[in-house]
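Secondary and tertiary structure notes
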Amino acid sequence: MSIDQQDEFEKMKKIGTIVANCLALLKASARAGMSTKELDDIAGKYLESQGAISAPKSEYNFPGFVCLSLEKTVAHGVPDTTIIQRGDLLNIDVSAHLDGYYADNGESIVIGRGSTQKELLCKSVKKALRAGLRAAKAGCLISQVGKKVERIAKSHGLTVIKNLGGHGVGQSLHEEPEFIASYHNRKDKRVFAPNQVVAIEPFLSNGATWVKQDEDAWPLYHPEFYCAQKEHTVMITKDKPYIFTQPDRSFS
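Please read these numbers as outputs of a predicted model, since none were measured by experiment. (Residues numbered from 1 in each chain as written. Predicted model: local features only at pLDDT ≥ 70, side-chain atom pairs only at ≥ 80, totals over all residues. Heavy atoms only, no water.)

Let's talk about unusual backbone geometry
Selection rule: Only DSSP runs of H or I reaching four residues or more are called helices, and only runs of E reaching two or more are called strands; each is numbered from the N terminus. For each residue, the accessible area found with a 1.4 Å probe, counting protein chains only, is set against the maximum for its type, and the residue is called buried under 20%, exposed over 50%, and partly exposed in between.
Cis geometry marks the peptide bond from E176 to P177; its omega dihedral reads -5°. Phi at E71 takes a positive value of approximately 55°, unusual for a residue other than glycine. With respect to the element layout, E71 can be found in the loop between β2 (67-70) and β3 (73-75). E71 gets classed as partly exposed once you look at its relative accessible area, which sits at 23%. One non-glycine residue, D99, lies in positive phi territory at about 55°. Of note, D99 is situated in the loop between β4 (89-98) and β5 (101-110).

Section: the pairing of β5
Under the convention used in this document: We call two strands paired when DSSP finds no fewer than two bridges between them.
Counting buried residues along β5, 10 of its 10 residues qualify, which places the element largely inside the surrounding structure. A two-sided burial pattern is seen for β5, the buried positions comprising Y101, A103, N105, E107 and I109 on one face and Y102, D104, G106, S108 and V110 on the other. Here β4 pairs with β5 via 10 bridges, running antiparallel. Within β5, the position partnered with A96 by the bridge is A103.

Topic: helix α2 (residues 36-49)
How we decide: Multiply 1.5 Å by the residue count of a helix minus one, and that product is the helix's expected span. In this context, the arc is that of the directions from the helix axis out to the C-beta atoms. Any two residues having at least one pair of non-hydrogen atoms within 4.5 Å are treated as being in contact.
Here α2 spans 20 Å end to end across 14 residues, near enough to the 20 Å set by a 1.5 Å rise per residue. Taken residue by residue, α2 has T36, L39, D40, A43, G44, Y46 and L47 as its buried positions. Projected down its long axis, α2 carries its buried residues within an arc of 165°, all on one side. Turned more than 90 degrees off the buried face of α2, the exposed positions are K45, E48 and S49. Against the buried residues of α2 lie α1 (6-29), β1 (53-54), β2 and β4.

So, the packing of α1 against α2
Filter applied, for reference: A fitted line through C-alpha atoms represents every axis, and for helices the fit uses only the stretch in contact; the resulting angles, taken between N-to-C directions, go from 0 to 180 degrees. Each angle gets one of four labels, with under 35 degrees taken as roughly parallel, over 145 as roughly antiparallel, 65 to 115 as roughly perpendicular, and the rest as oblique. Note on convention: near helix rotated counterclockwise from far helix by under a right angle means a left-handed crossing. Clockwise means right-handed. Under the scheme applied, nonpolar residues are Ala, Val, Leu, Ile, Met, Phe, Trp, Tyr, Cys and Pro; charged residues are Asp, Glu, Lys and Arg; polar residues are all the others, including Gly.
Following both chains from N to C, one finds α1 and α2 inclined at 150°, their axes separated by 10 Å at the closest point. Relative to α2, α1 is oriented roughly antiparallel. Every pair of crossing elements has a handedness; the one defined by α1 and α2 is right-handed. Together, I18, N21, C22, L25, L26 and S29 of α1 and L39, I42, A43, Y46 and L47 of α2 make up the contact between the two elements. Considered class by class, the residues forming the contact of α1 with α2 number nine nonpolar, two polar and no charged.

Side note on helix α4 (residues 116-135)
Since the α-helix advances by 3.6 residues per turn, residues separated by three or four positions end up pointing in the same direction. With 20 residues, α4 should reach 28 Å at 1.5 Å per residue; the first-to-last C-alpha distance of 29 Å fits that figure. Of all the positions in α4, only K118, L121, C122, S124, V125, A128, L129, A131, G132, L133 and A135 are classed as buried.

Details of the packing of α4 against helix α5 (residues 143-155)
Close contact between α4 and α5 brings their axes to 8 Å; oriented N to C, the two are set at 150°. Looking at the two axes, α4 sits roughly antiparallel to α5. For the element pair α4 and α5, the recorded crossing hand is right-handed. Contacts between α4 and α5 pair S124, K127, A128, A131, G132 and A135 from the former with Q144, V145, K148, V149 and I152 from the latter.

Digging into a positive patch on the surface
Convention followed: A patch is a set of surface residues, each over 30% in relative accessible area and not in a salt bridge, joined within 9 Å for like charges and within 5 Å for the nonpolar side chains Val, Leu, Ile, Met, Phe, Trp and Tyr. Here the accessible surface of atoms and residues is derived via Shrake-Rupley with a 1.4 Å probe, and residues count as covered only by protein chains that are part of the display. Think of a salt bridge as a Lys or Arg side-chain nitrogen and an Asp or Glu carboxyl oxygen that are within 4 Å of each other. A residue counts as positive if it is Lys or Arg and as negative if it is Asp or Glu; His and the chain ends are not included. Where a charge lies is defined by one atom per residue type, namely NZ (Lys), CZ (Arg), CG (Asp) and CD (Glu).
A surface patch of like charges, here positive, comprises K147, R151, K154, K162 and R186. Tracing the backbone shows K162 in the loop between β6 (159-160) and β7 (166-168).

Quick look at the nonpolar core
Spelled out, the test is: Think of a nonpolar core as a cluster: buried Ala, Val, Leu, Ile, Met, Phe, Trp, Tyr and Cys residues, connected wherever their side-chain atoms sit within 4.5 Å.
The biggest cluster of nonpolar side chains holds 39 residues, and the ones touching the most others in it are M12, I15 and L90. Of all elements in the fold, only α1, α2, β2, β4, β5 and β9 (197-200) reach the threshold of two or more residues within this core. Element by element, the count of residues in this core is highest for α1, at nine residues. Ignoring sequence-local partners within four residues, the contact set of M12 consists of M1, I3, Y101, Y102, A103, G170, V197, T233 and F244. Core analysis: the second largest hydrophobic core is formed by 27 residues, C122, V125, A131 and A228 among them.

Function cannot be inferred from these measures alone, as they are strictly geometric.
Okay, here's the thing in structure tokens:
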């Protein structure tokens, strides 16, 4: 979507803050010994308290309020009785809608003290997202986001997951542009439009370039390597994008 009126901006800001606060709450609540279902219940209660509706549940009948992906499950992990362990890599992806507007954000974290490898992934993907956002300007090629992300990945000896990427968002969970790659696709000549709303979400790995999905199953995974993600919903401007998914409170 493209934001044309102030009330559209305010509604995007409101839902963006809600999903950002939900993500912050889950990051603060996640601990070894609890199940991913327990963490999902916290998300469901928080979204309900804000009047927001889980996007994956309402749009795709996903069996959870948020996606919680442990260890080598990369994305779309289903909350269940699996117990979170100290040192686990956990991806939390929160998307929801309110008053007809959608926002999406996510982040990978390590529970307690983890391996240097997992910590590097989480730190590097944050850096990659910041670099990608700096390239996301009105009139600039969308492919420049992937170019910047890929450069950061290579500088840390990491790889980019090529079949996962960002997307348009706003009046539905997935809109045009359909796929914002985390690698440099020279054939992609699309450009960012002023006031366009997108979710930018690089996925970096310690060796994988592609993730798998079993038939009739939600999770995307890699059997050998770890992957980490960081995502924001933003509005494109002629300068740096406006980030909607910034929390306005602390839960620590």
